Amino acid sequence: MHSQKILSGKKVLITAGPTQEALDPVRFISNHSSGRMGYSLAKVLLNRGAQVTLVSGPVHLKLAHPALRIYDVVSAREMLAACQARFDETDIAIFAAAVADYRPETVAATKIKKRSDTFQIRMVRNPDIASEFGRIKLPHQYSVGFALETNDELEHAREKLIKKNLDMVVLNSLNDPGACFASANNKITLLRPGIHPQSFPLKDKRLVAIDIIDAIAADWANQAKLSSQSPHEYENMYR
């Protein structure tokens, strides 16, 4: 089958952008994610005939296509709920969103006033959407996670691959100049079970998306699924 048609008709779930965790009615905790990577992935997949569901945090991007469904969410818990409703129908899940790891334990009902030099916020852990999918993932389903690291990059990415039952981790590092949230470019390394890490040079995120989708298509065509190999076998490759 031609590589451009391998993913035609496949149902793909993509998360994109940041989440915003409310502190009070006017403030929130978030990050610098633009959503460009997730939206670029969606566009490539749509061009290859996939049916795409895009669950998007707050971004300033637009995308329209007859085979695209977009669900706009704000918080991590909203994003999880939107994804969970579509886990069963999904062939491929790509978790590209920069989901907040923590949220304020309580949200003030009114604007927090400036009354002292310091104040403390108690934070609680947010759900991990990729882990939730990995926990119930069926053998025919394929999942991709992203890892943005600042140190021990490969080690942390391998841990995510195993812990979250992923088929691929897209690793990028804040140590790479020109590859960051606000940039139009990215520099990635792909990690997959049984395959040595594959690194790419810095390039436009639209081209990065093609590299990622090509790798997914190759895995899909070759049935190179994580379920065919134990996490311990993969881990031992790098000892």
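The structure reproduced in this document is the subject of the present report. What you see is a predicted model; the values in this text were computed from it and never measured. (Residues numbered from 1 in each chain as written. Predicted model: local features only at pLDDT ≥ 70, side-chain atom pairs only at ≥ 80, totals over all residues. Heavy atoms only, no water.)

**Focus on helix H1 (residues 36-47)**
When the terminal C-alpha atoms of H1 are compared, their 16 Å separation across 12 residues agrees well with the 16 Å that a helix rising 1.5 Å per residue should span. Across the 12 residues that make up H1, a large majority, nine, are buried. Buried residues of H1: Met37, Gly38, Tyr39, Ser40, Leu41, Ala42, Val44, Leu45 and Leu46, and no others. A positive backbone phi angle near 90 degrees is found at Gly49, which sits one or two residues after H1. (Helix = DSSP H or I, 4+ residues; strand = E, 2+ residues; numbered from the N terminus. Expected span 1.5 Å × (residues − 1). Buried < 20%, exposed > 50% of the residue type's maximum accessible area, 1.4 Å probe, protein only.)

**Observations concerning the pattern of salt bridges**
According to the stated counting rule, one finds 11 salt bridges in the structure shown. Between Arg122 and Glu105 there is a salt bridge; the shortest N-O distance is 3.2 Å. Here Arg122 is found in the loop between strand E7 (102-104) and strand E8 (123-125), whereas its partner Glu105 is found in the loop between E7 and E8, with 17 residues between them in sequence. One salt bridge in this structure joins Lys164 and Asp128, with 2.8 Å as the shortest N-O distance. (Salt bridge = Lys/Arg side-chain N within 4 Å of Asp/Glu carboxyl O.)

**Re the nonpolar core**
In terms of nonpolar packing, the biggest core is built from 35 residues, with Leu41, Ile94 and Ile212 touching the most fellow members. Every element with two or more residues in this core is listed here: strand E1 (11-16), H1, strand E4 (51-56), strand E6 (92-95), strand E9 (142-149), strand E10 (168-173) and helix H5 (205-222). Ranked by residues supplied to this core, first place goes to H5 with eight residues. Dropping the residues within four chain positions of it, Leu41 is found in contact with Ile14, Ile94, Ala96, Phe146, Ala209, Ile212 and Ile213. (Core = buried A, V, L, I, M, F, W, Y, C linked by side-chain atoms within 4.5 Å. Contact = heavy atoms within 4.5 Å.)

**Remarks on the side chain of Arg86**
Looking at the element boundaries, Arg86 is found in the loop between helix H2 (76-84) and E6. Although Arg86 is buried, it forms no salt bridge, and the closest oppositely charged side chain is Glu89 at an N-O distance of 5.1 Å. Apart from the residues within four sequence positions on either side, Arg86 is in contact with Thr53 and Tyr71. (Lys, Arg positive; Asp, Glu negative; His and termini not counted.)

**A few points about the sheet that holds E9**
In any sheet, the strands associate via hydrogen bonds between backbone groups, in a parallel or an antiparallel arrangement. If you walk across this open sheet you meet the eight strands as E5-E4-E1-E6-E9-E10-E12-E13, and the pairing is mixed. Strands at the two margins of the open sheet, each flanked by one partner only, are strand E5 (68-72) and strand E13 (195-199). Each strand of the sheet is rotated relative to its neighbour by a mean of 15 degrees, with strand direction disregarded. Where E1 and E4 come together, six bridges link them in parallel fashion. Of the residues in E4, the one forming a bridge with Ala16 is Ser56. Docked against the sheet, helix H3 (residues 129-136) engages E6 and E9, running at close to 155 degrees with respect to E6. Contacts between helix H4 (residues 153-163) and the sheet are confined to E9, E10, strand E12 (189-192) and E13, with E10 contributing the most and set at about 155 degrees to the helix. (Pairing = 2+ DSSP bridges. Axes fitted to C-alpha atoms, helices over the stretch in contact; angles between N-to-C directions.)

**Topic: the environment of Met37**
Turning to its location among the elements, Met37 is positioned in helix H1. Using a relative accessible area of 8% as the deciding quantity, one classes Met37 as buried. Between the alpha carbons of Met37 and Lys205 there is a distance of 6.0 Å; along the sequence they are 168 residues apart. Those residues within four positions of Met37 in sequence are excluded, and the remaining contacts are Phe146, Asn186, Lys205, Val208, Ala209 and Ile212.

**As for unusual backbone geometry**
Backbone geometry at Asp152 places phi at a positive 45 degrees, although glycine is not the residue there. Note on placement: Asp152 falls in the loop between E9 and H4. By relative accessible area, Asp152 is classed as partly exposed at 45%. Of note, Asn165 is a non-glycine position whose phi angle comes to about 55 degrees, a positive value. The residue Asn165 is located in the loop between H4 and E10 in this model.

**Side note on the packing of H1 against H5**
Each pair of packed helices gets described by two things: the angle between the helix axes and the distance between those axes. With their axes 8 Å apart at the nearest point, H1 and H5 run at an angle of 60 degrees to one another. Between H1 and H5, the angle is such that the two are oblique. Between H1 and H5 lies a crossing of right-handed hand. Counting all contacts with H1, which are made through Arg36, Met37, Ser40, Leu41, Val44 and Leu45, the residues of H5 involved are Lys205, Arg206, Val208, Ala209, Ile210, Ile212 and Ile213. Among the residues forming the contact of H1 with H5, the class breakdown is nine nonpolar, one polar and three charged. (Parallel < 35°, antiparallel > 145°, perpendicular 65-115°, else oblique. Left-handed = near helix turned anticlockwise from the far one by under 90°. Nonpolar A, V, L, I, M, F, W, Y, C, P; charged D, E, K, R; others polar.)

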